[in-house]
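Structural description and commentary
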Amino acid sequence: MKKPLLTALAIACALAVPILAQSREITITTQLKNYGGGGAYLALYLSDAKGAYAGTLWVAGGKTKYYKHLTDWNRLSAGDAKRLAGVTGASVGAGRTLKVTADLADALIDAGYEIRIDAAVEDMRESPSEVRLPLTAAGSGKAQTGKQYVQSLSYQLK
């Protein structure tokens, strides 16, 4: 097997089977701005130090036909939308908060990974990579603002 494939396989296993690896619980909080439109579709996902897709944490928005508007996530995940069981929910309204909790392998923290959010709202502009936040122990609890729809994104490691 080639190294990128092994790396992707290791990350997929770390995300899917956190009990077997050392892992930490992470809670990601996304506060949306009052942008004046309908519910936002959001994709929360991880990318590695080279910007390659590493896994989906959550997708807010139930109609898969709109996932193409989460452009960076859709392009980078290339077919991963088939494995979204258990990581989807309703779209998030303007001014509302989305909290997502997951278990992440310790190996992903302080290793160059980023938490990314793509956002899209009907009849409004798409916002690929709305927020890119490095996944570090020191970054836990620190908020970062988004480009268009996200007021703030932060995470807490336990």
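In what follows, the structure referred to is the one given above.
Below: a short report on this structure. (Residues numbered from 1 in each chain as written. Predicted model: local features only at pLDDT ≥ 70, side-chain atom pairs only at ≥ 80, totals over all residues. Heavy atoms only, no water.)

Digging into the pairing of strand β7 (residues 127-134)
Within a regular beta strand, the side chains point alternately toward one face of the sheet and then the other, so they alternate between its two faces. Basically, it comes down to this: For two strands to count as paired, DSSP must find a minimum of two bridges between them. Note on conventions: DSSP H or I runs of at least 4 residues are helices, E runs of at least 2 residues are strands, and numbering of each starts at the N terminus.
Sheet topology note: the strand β6 (residues 114-121)/β7 ladder contains 5 bridges and is antiparallel. In the sheet register, E114 faces β7, and the bridge partner there is P134. Hairpin connection of β6 to β7: 5 residues between the antiparallel strands, including D123 at a positive phi of 65 degrees.

A closer look at the nonpolar core
Cut-off, in case you're wondering: In this text, buried Ala, Val, Leu, Ile, Met, Phe, Trp, Tyr and Cys residues form a nonpolar core when linked through side-chain atoms within 4.5 Å. Relative accessibility under 20% of the residue-type maximum defines a buried residue, over 50% an exposed one, and the middle range a partly exposed one, all with a 1.4 Å probe and only protein chains included.
Within the largest apolar cluster, 43 residues are counted, with the highest numbers of intra-cluster contacts made by L42, L44, W73 and L135. Contributing elements (two or more residues each) for this core: β1 (23-32), β2 (40-47), β3 (53-60), β5 (97-105), β6, β7 and β8 (150-157). When residues in this core are grouped by element, the largest group, 7 residues, is from β2.

So, the environment of Y149
Our working rule: Pairs of N or O atoms within 3.5 Å make up the polar contacts considered here, provided that, within protein, one atom can donate a hydrogen while the other can accept it, and that residues adjacent in sequence are counted only when both atoms are side-chain atoms.
Within the element layout of this structure, Y149 appears in the loop between β7 and β8. You can call Y149 buried: its relative accessible area is 1%. Within polar-contact distance, the side chain of Y149 engages the side chain of Q148 at 3.2 Å.

Thoughts on unusual backbone geometry
Although it is not a glycine, D123 sits at a positive phi angle of roughly 65 degrees. What makes D123 exposed here is its relative accessible area of 77%. Phi is positive for S129, close to 45 degrees, though the residue is something other than glycine. Structurally, S129 can be placed in strand β7.

As for the side chain of E130
Basically, it comes down to this: His is not counted, nor are the chain ends, whereas Lys and Arg count as positive and Asp and Glu as negative. For this analysis, a salt bridge means a side-chain nitrogen from Lys or Arg found within 4 Å of a carboxyl oxygen belonging to Asp or Glu. We call two residues in contact whenever any of their non-hydrogen atoms come within 4.5 Å of each other.
With respect to the helices and strands, the residue E130 is situated in strand β7. For E130, which is buried and forms no salt bridge, the nearest opposite charge comes from K33, at a distance of 5.5 Å. Setting aside its immediate chain neighbours within four residues, E130 contacts I117, D118, A119, G146, K147, Q148, Y149 and V150.

Overview of the environment of T97
Within the secondary structure, T97 sits in strand β5. With a relative accessible area of 42%, T97 lands in the partly exposed category. The spatial distance from the C-alpha of T97 to the C-alpha of Q151 is 9.7 Å, given a sequence separation of 54 residues. Excluding its chain neighbours within four sequence positions, the residues that come into contact with T97 are T29, T30 and Q31.

Here's the deal with the sheet that holds β8
Rules: Axis definition: a line fitted to C-alpha atoms, over the contacting stretch in the case of helices. Angles run 0 to 180 degrees between N-to-C directions.
In spatial order, the strands read β5-β1-β8; together these 3 strands make up an open sheet with antiparallel pairing. Looking at strand neighbours, the two that pair on one side only are β5 and β8, the edges of this open sheet. Across the sheet, the axes of successive neighbouring strands diverge by a mean angle of 20 degrees, strand direction being ignored. Pairing geometry for β1 and β8, over 7 bridges, is antiparallel. Bridge pairing in β8 links T27 to Q156.

Here's the deal with the side chain of S77
Assignment of secondary structure puts S77 in helix α2 (residues 71-77). Note on S77: relative accessible area 8%, which makes it buried. Side-chain polar atoms of S77 contact the backbone oxygen of W73, separated by 2.7 Å.

Structural notes on the pattern of salt bridges
The tally for this structure, following the rule as stated, stands at 5 salt bridges. Across the pair R24 and D106 runs a salt bridge whose closest N-O atoms are separated by 3.7 Å. A residue pair is termed long-range when its members are at least 10 positions apart, and R24 in strand β1 and D106 in the loop between β5 and β6 qualify at 82 residues. Exposure remark for D106: the relative accessible area of 30% places this residue in the partly exposed category. Between R116 and E114 there is a salt bridge, with its nearest N and O atoms 3.6 Å apart. Each of the two residues, R116 as well as E114, counts as buried. Three or more residues are tied together by salt bridges with common partners; here these are E114, R116 and R132.

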